[in-house]
Amino acid sequence: MGNRAGGGPLIRLQLKVLRDMANIVHAEGAAAAAGQAPVLSINNIEVIYDHVILVLKGVSLDVPQGGITALLGANGAGKTTTLKAVSNLLKAERGQVTKGSITFKGERVDTLNPNDLVRRGCIQVMEGRHCFGHLSVEENLLTGAFTRKDGQAAIANDLEMVYNYFPRLRERRNSQAGYTSGGEQQMCAIGRALMSKPTTILLDEPSMGLAPQLVEEIFEIVKALNDNEGVSFLLAEQNTNIALRYAKYGYILENGRVVMDGEAQALRDNEDVKEFYLGVSGENRRSFRNVKAYKRRKRWLA
Ligand SMILES: Nc1ncnc2c1ncn2[C@@H]1O[C@H](COP(=O)(O)OP(=O)(O)OP(=O)(O)O)[C@@H](O)[C@H]1O
Ligand SMILES: [Mg+2]
């Protein structure tokens, strides 16, 4: 008498334990905190570059529908790699997801190509505000609509919407993008992503290299897009301070692992986050006792 698939008390017990573990994993994270099913879910992914360089070592995170979720961490923590794993852009860099899974709106998307993901409503705005420098601002925006099949009128309508969110782009619509300012190029990159009519935007370091006032202006527009258009954001940022002011939930990456996650307010109040990421140091940090405490606390990052 053999064991039938799914039968046997031991196997049933193991399945139950696995199901419970899965439930525990899903009970945490940004989507659970927002009381919603996630629109995007990254489950325990591992990423390797050049077949040998292990960069992500089991990253899991959720992006709730209609929320702004921050992915924080210092240089080289793995933020960009995480976003590129979602949008299937790793192949071009000799990288691959070797473990885990990624689902968007409940569908496994790890094997899709980048265009297919854009058609499903998820698009990445790359770090370093890549625009086509020799095209005008408006031509750049229109390239964002190339996956659409809903006709010229709908596209013109959305172009108008982008100009309403970014009045600076309307002013510069005929300028060659390569000659516009860094802030205008960042706006152009976000505007181009909007032209694909996304429901979710993966936004990589929008603050990079921009003056604080301009960073604020861009984050205000992100907030408005989230409030008015219901666009969900996964926001990779080194600038913890501004990201936690606009996000509802945050994940902190260190060396390719999520070392902490929580509601933005809780992260802002956390002593370790304050010390290591917000640059707010406690009193008398230099005393020996506090140096020891510093080292002890720093261990969670190791
Ligand atoms: N194409 C690649 N080949 C090999 N290693 C890479 C490649 N791209 C990134 N890495 C390495 O992967 C690690 C994570 O890089 P990643 O760009 O994801 O970090 P990041 O958190 O976005 O950093 P930053 O804030 O500087 O943009 C780094 O150690 C980096 O050197
Ligand atoms: Mg990066």
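About the cut-offs
- Residues numbered from 1 in each chain as written.
- Chains lettered and ligands numbered in written order.
- Predicted model: local features only at pLDDT ≥ 70, side-chain atom pairs only at ≥ 80, totals over all residues.
- Buried ≥ 20, exposed ≤ 12 C-beta atoms within 10 Å, placed from the backbone.
- Helix = DSSP H or I, 4+ residues; strand = E, 2+ residues; numbered from the N terminus.
- Pairing = 2+ DSSP bridges.
- Contact = placed C-beta atoms within 7 Å.
- Axes fitted to C-alpha atoms, helices over the stretch in contact; angles between N-to-C directions.
- Expected span 1.5 Å × (residues − 1).

S.K.: Just to check I follow, could you spell out the pairing of strand β3 (residues 68–72) for this structure?
M.R.: Sheet faces and side chains relate simply in a regular strand, where the side chains alternate between the two faces. With respect to burial, β3 is a largely interior element, 5 of its 5 residues being buried. The side-chain alternation of β3 yields two buried faces, one formed by I68, A70 and L72 and the other by T69 and L71. The sheet contact formed by β3 and strand β8 (residues 232–237) spans 5 bridges and is parallel. When the bridges of β8 are listed, T69 appears paired with L234. One ladder, built from 4 bridges, connects β3 with strand β9 (residues 249–254); its direction is parallel. Residue pairing across strands places A70 opposite G250, the latter belonging to β9.

S.K.: Help me understand the sheet that holds strand β1 (residues 38–49), please; the structure alone is not making it clear to me.
M.R.: With respect to topology, 4 strands assemble into an open sheet ordered β2-β1-β4-β5, the strand pairing being antiparallel. Of all strands in the sheet, those with a lone pairing partner are β2 (53–64) and β5 (107–108), marking the two edges. Two strands pair when backbone bridges link them, and β1 and strand β4 (residues 95–104) are joined in this way by 8 bridges, in the antiparallel orientation. In the sheet register, N43 faces β4, and the bridge partner there is S101. Packing against the sheet, helix α3 (residues 79–86) makes contact with β1, β2 and β4, and its axis sits at approximately 115° to β1.

S.K.: Where do I start with the sheet that holds β9 in this structure?
M.R.: Two pairing modes exist for strands in a sheet, parallel and antiparallel, and in both the strands are linked by backbone hydrogen bonds. Overall, mixed pairing links the 6 strands, which are arranged β6-β7-β8-β3-β9-β10 in an open sheet. On the outer flanks of this sheet lie β6 (122–125) and β10 (257–263), each paired with one strand and no other. Each strand of the sheet is rotated relative to its neighbour by a mean of 15°, with strand direction disregarded. In this structure, β9 lies alongside β10, joined through 6 bridges in antiparallel fashion. Along β10, the bridge assignment pairs Y251 with D261.

S.K.: Any chance you could explain helix α8 (residues 182–194) here in plain terms?
M.R.: Residues spaced three or four apart along an α-helix face the same direction, because each turn holds 3.6 residues. Given a rise of 1.5 Å per residue, 13 residues ought to cover 18 Å, and the 18 Å separating the end C-alpha atoms of α8 matches this to within 8%. With 11 of 13 residues buried, α8 lies mostly within the body of the structure. Buried within α8 are the following residues: E184, Q185, Q186, M187, C188, A189, I190, G191, R192, A193 and L194. Where α8 is buried, its residues meet β6, α5 (137–143), α6 (152–165), α7 (167–171), β7 (200–204) and α9 (212–229).

The quantities given are spatial measurements derived from coordinates; they are silent on function.
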